[in-house]
Amino acid sequence: MITDPGGVTETIMKFAEFELIKPKSPSEVSRLLNDNIDSAKILAGGQSLLPLMALRLVRPALLIDITGLDAMSEIAVNSKNLEIGALVTHRQVELFGDMPEELNAISMGMRVLGHIAIRNRGTVAGSLAHCDPHAEWPALILGLDGYINVEGVNGPRRIQGSDFSLGWYTSSLLPDEIITSIGFPLKADDGTHTTSYMSEYSLRHGDFALAGVVVRLSAVGDRISDARCVVFGIAATAERLTFLEDYLNQSNLSEDSTRDVGNIVKQILIENNTHYSESMSDSYCIQYLIPNLFTDGIRAAVANLKISKNL
Amino acid sequence: MSHINYVGKSVRRVEDLRLLTGQTTFIGDICRPNMAFAVFVRSTEPNALIKSINVASAEKAQGFIEILTGDDLDEDVLGLTKKFYQLTPEFVNEANVFESNYFEPILAVGKVVHVGQPIAVVVAETRQCAENIRDLVEVEYIGQTPVVDPEQAQTEDSSLVNSKLQNNVDAGFQIHVGDVDASEKNADLVVEREFYFGRSTGSPIENRGVVSEWNSINSLMTVWSTTQIPYILRSNLQMCLKMDATQLEVLVPDMGGSFGGGIYPEEIIIPYLAKKLNRPIQWLEDRGESITNSRHSRDQRIKVRGGFDSSGKILSLDVRIVQDAGAFNPFGITLIHNVATHIRSQYLVPNFRAVGLAVLTNKTRNTPVRGAGRPEATLAIDRLFDIAAKQIGIDPAEIRERNLIPSSEIPYSLGMLYRDGVPAIYDSGGFQEQFTKLLKESKYLEWRDIQKQERENGRFIGIGLSCHVEATGIGPTETSRIVLEENGTFTFFTGAQPHGQSHHTVISQIVADQLGVKIENILVKSGNTNYLPIGSGTFGSRSAIVAGSSAKLSAELMRAKIIDLASELLEANPLDITFMDGIASVNGSSSRFLSLEQISQRYIQSNQTQSDSRLLAANAEFTPPTVVYGSGSHFVVLEVLASTLAIKILDYVSVDDCGAMLNPIVVDGQVYGGVVHGVSNSLFEEVMYDEGGYCSNPNLVGYLLASSAESPRIRAFHLDHPTASNPLGVKGVGEGATSSAPAAIANAVSDALTSFAVEVNSLPITPWALFEKISKTNFAEAL
Amino acid sequence: MKTLINIHVNGIEFSLSVDPFITVGDLLRENLLLSGTRLGCEYGSCGSCTVLINKISVRSCLELAIRLDGSSVVTVEGLNENHLELNELQEAFSKHHALQCGYCTSGMLITCTEYLEQGGTIDEESIRDALSGNLCRCTGYQGAVDAVQAVIRNRVRA
């Protein structure tokens, strides 16, 4: 169960007063953020921010409603990448019919993210910016080598997924920056087959995950290559397990070859266990859940690759 | 002879139209002219002296109307002191009962004894203003060591929760039936274990609320409250506010569930404020307050020793119960004694000893919530049987079959008094028959085969059984009144206080059958202390029995009155009158008849100054002789998923006996809801206090309720062994399912992992708790 | 600072002046006196405040009224033109005893309405999945599942 650290009986249900402004362009948003550092927050779907405001854990004096920005509600896919506009909701992604196979993990993630009413409003960008270590999107952006396009007073820039989350609820966005779109590169159509997989565990359907994994594997011939293995929920940010990735990159698509995944994961996590907290649920995550999620995930990804390669 | 039409059928509910179209009034919908809003400043410390309360900035804030602290109340508002029941001297004597006095201040004075205790109340023009103002109130505490563990609370060096007591044991009892020590000496096997059921909270989907309005011209205080016990609230208001019953009316709007409760300080102070400020006041509890501050329950530790012979027959049961009672204990021994009266369940246990202690701690008070001690009791006995069965080497179904009380023994005496002072006797029931049906409908033996096979495939399937009893329909009296309206319809007033249980529908069915009229012609009213002279309310699965029986009696009386009156008006002998379908007619005559409308109007005309009621009316009351016992046998088959240790229910079957089923789909609804409540308690719910006495999960993100995705589909079956103790032959069914589900689940999870000697003796059970158990075994290799 | 918004609620146009910090739930209940939408937690965890905004389900406690200019809202009161009668789904809820206290019912009806509109399938798992955001403490959810299945079955037959 996810507890509320330090929660007492502070339970306040009506918002403190604030002003709301609805700009028409990203540059206007950046300017407003810049002029109101510390007192303004961006409001997109509101599904992460408004609960915090209801409990008065944050009290911005100004909300910048970005739902008026143009051309940010699209999902576009071409041979090079999948791009998700800043206002795209989780539900739009969930119902997107053209999700490339290699980004399968995204579809899997959407089905377990919250509940339909939350997905109807919550945005991909919003979830990413929120940087909750138990959330799916920060793990997906890392696992699938995504990037985030942002814009600030100094103009646009691109942040690599791996550089985006810095810690609990902390992203590398500068105070004046807004996410404009999120992208996932697609592997070149050169005979490499790629698939991805995501799974997580929570006590109840739709809750924030206790922990989860994202796996992306490619295969050239029957050799695995370019493995990306991400664990989330046990540290301040999602993390790649490079030792596991190295092991997989030495393996092939036979069951035998990837048999030791669970043990390897367990070993890595236990060796680094000072990095993770010591609660009962974290021991369970490190020693049992995550090794199993990786075992199942990699097995599924390998099976997928075999099918697509007709092996 | 009455024209039976509705009772026994799944009649559609009269409540549904307004609830399904949003045309109803819950406490949050009540809006009075010039209404102000209240919020409470609550203690953030579990055990502290209040050094100072600074209201200076609060008083200057926008929208401020008033702020009161405990000191301000002085002698104007007395604290809560009434317990919920009287114990007879015979009972006190037999059960060696001791109980401390109960006193709970409305607002804390000088010190606080649990996180969430109200310290001050703020009144403002809007709820938002009130919340803003609350932020400005500064409270300084001098913290003291809190008492957080009921075992540690009993030691010499523990702080005292209640400084008026010598120690933290607020109440207790001891009973002994037969001779446990002698019997245990002869036992072939003694099994000793401790079981724990974690603290949960009732958590209805609607939070509590109070609206109060003082009419100074009529000297009438109107209190709307989400209470299950309006008449009891009224008498508490009389005491605490020193008012007369004629100055008070308690009204209960539609309620969004409740599942237990009592009388709360908020219900006293809001009316006081309404009078003091001469303005209507609304207070709405928020979800955090609901979780941390109302309806805490369970949190009992039960040590048992069972003596068995080599065939698995239980000879003796020795039980020690320690309840974490929280800082106040208006319910005295209720919950610990419920454990004692229910722990032998459907099993024949000839020698029995129980000691129970309600121990004070610096937490929110522990109160009866759906099940009220029976889930804890059933967990203990059903786990004990499974553990004993394993040690003896027999199947859990077999050990139960050996121990279920045979039908020939019913009525069966427990050899002790129930809490109402009457000998506890199982009046009805067919436990063997019930159990046999359960095994059949659940396909128990087939599942055992599947379990074995699937183990080879690396799946951990577990089967769990539980048999519970439920003492229902406790007194006191419920009255009712039925009135024949001018237009020939009936209005019925009941003291039952529905909060989802379909009382209006079920009572309409009973009354319609008695009177032989269409159900559409009955209007049931409840939730208003003006309706009846006395009443209690709805709790302890009593309303079908007590309020329902009262309804039958008053309807019978009305029927007799109608026939008498019709015979007068038609100048016939009452025996020659047939009253059916709303018409009273003289037998053998096609021209001599009267409709109800005509009868009513004739009554009104002829009765201008005589009786106390303009309309034809009948009153009746029903006082149950004692409780009657419902029972249920439950089965669950589940899988502990190897990859996550998550628990997935595969099938759930129940066989319950509530005697006559007044409305089968309503009964099923109570079973389904009760099972899911039990499932939720078992797998997800725990109010978590840390060593400092602070609640660490005061919201629905941390305190988890089972959603539809986690809830099983339940296949519910029924037996009907009616009781002779009430005119309807019914037994209660509202809480029984909640008692068996946790026991069945704990048994099933233990069964799934039995080859690793895992025992689930504590709830809730989570994957990480299971992991901790199995990590000490060779589970990983077995996968 | 108050802003004027034009919204369509249950088929009726309204022009209302609202502060930015007022939620849709508050607007419906306090300004429009549509109390059928319930506030069980006010931070999005219980689902009892769910309404349809432009045909999709939204937690009215997690949406600001000021953002609804030009939107169309349907609450439980608007599920049936004549609120003295029950529509197909409401009828099924009653028949299958999908409600007891009724507090979570408004939100459930909205979620089920969306599910049916979007072609939700009849299998129990999908229905329970869709309903998992609406907490209920009384019924155990079984009646609601039965009701939705009954409606789907009826529509297939029709």
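Up top is the structure.
Calculation criteria
Residues numbered from 1 in each chain as written. Chains lettered and ligands numbered in written order. Predicted model: local features only at pLDDT ≥ 70, side-chain atom pairs only at ≥ 80, totals over all residues. Heavy atoms only, no water. Contact = heavy atoms within 4.5 Å. Buried area = accessible area lost by both parts, 1.4 Å probe. Salt bridge = Lys/Arg side-chain N within 4 Å of Asp/Glu carboxyl O. Polar contact = N/O pair within 3.5 Å; in protein donor to acceptor, adjacent residues only side chain to side chain. Helix = DSSP H or I, 4+ residues; strand = E, 2+ residues; numbered from the N terminus. Nonpolar A, V, L, I, M, F, W, Y, C, P; charged D, E, K, R; others polar. Core = buried A, V, L, I, M, F, W, Y, C linked by side-chain atoms within 4.5 Å. Buried < 20%, exposed > 50% of the residue type's maximum accessible area, 1.4 Å probe, protein only. Pairing = 2+ DSSP bridges. Axes fitted to C-alpha atoms, helices over the stretch in contact; angles between N-to-C directions.

Notes on the interface of chain C and chain A
- Between chain C and chain A, the contact holds 30 residues from the first and 28 residues from the second.
- With both chains or domains summed, chain C and chain A bury close to 2400 Å², and 56% of this area falls on carbon and sulfur atoms.
- Applying the counting criterion to the chain C and chain A interface returns 2 salt bridges.
- Among the salt bridges present, the one from R121 of chain A reaches E63 of chain C, with a minimum N-O distance of 2.5 Å.
- Where chain C packs against chain A, one counts 11 residue pairs in polar contact (both at pLDDT 80 or more).
- Of all the elements in the fold, those that place two or more residues in the side of chain C that touches chain A are β3 (50–53), β4 (56–59) and α4 (124–131) of chain C.
- When residues in the side of chain C that touches chain A are grouped by element, the largest group, 4 residues, is from β4 of chain C.
- Taken together, the residues of the side of chain C that touches chain A break down into 16 nonpolar, 7 polar and 7 charged.

Regarding the nonpolar core
- Among the nonpolar cores identified, the biggest contains 233 residues, and L244 and F294 of chain A, I343 of chain B together with F93 of chain C are the most heavily contacted of them.
- Top element by residues in this core is helix α10 (residues 280–308) of chain A. It accounts for 12 residues.
- The residues contacting L244 of chain A, other than those within four sequence positions of it, are C229, V261, I264, V265, I268, F294 and I298 of chain A.
- Grouped together as the second largest cluster of nonpolar side chains are 52 residues, V88, C131, V150 and L186 of chain A included.

A look at the sheet that holds strand β10 (residues 209–215) of chain B
All names here are of chain B.
- Strands sit in the order β3-β6-β1-β13-β10-β11-β12 across an open sheet of 7 strands; the sheet is mixed. The open sheet is flanked by β3 (64–69) and β12 (248–251), the only strands paired with a single partner. For this sheet, the mean angle separating the axes of adjacent strands, direction not counted, is 20 degrees.
- Across 3 bridges, the pairing between strand β1 (residues 36–42) and strand β13 (residues 281–284) is parallel. Note that in β13 the partner of F37 across the bridge is Q282.
- Contacts from helix α7 (residues 230–241) reach β11 (220–225) and β12 within the one sheet, and its direction differs from that of β12 by about 145 degrees.
- Together, β1, β3, β6 (118–124), β10, β11 and β13 form the strand contacts of helix α8 (residues 266–277), whose direction differs from that of β10 by roughly 30 degrees.

On their own, these measurements won't tell you what the molecule is for.
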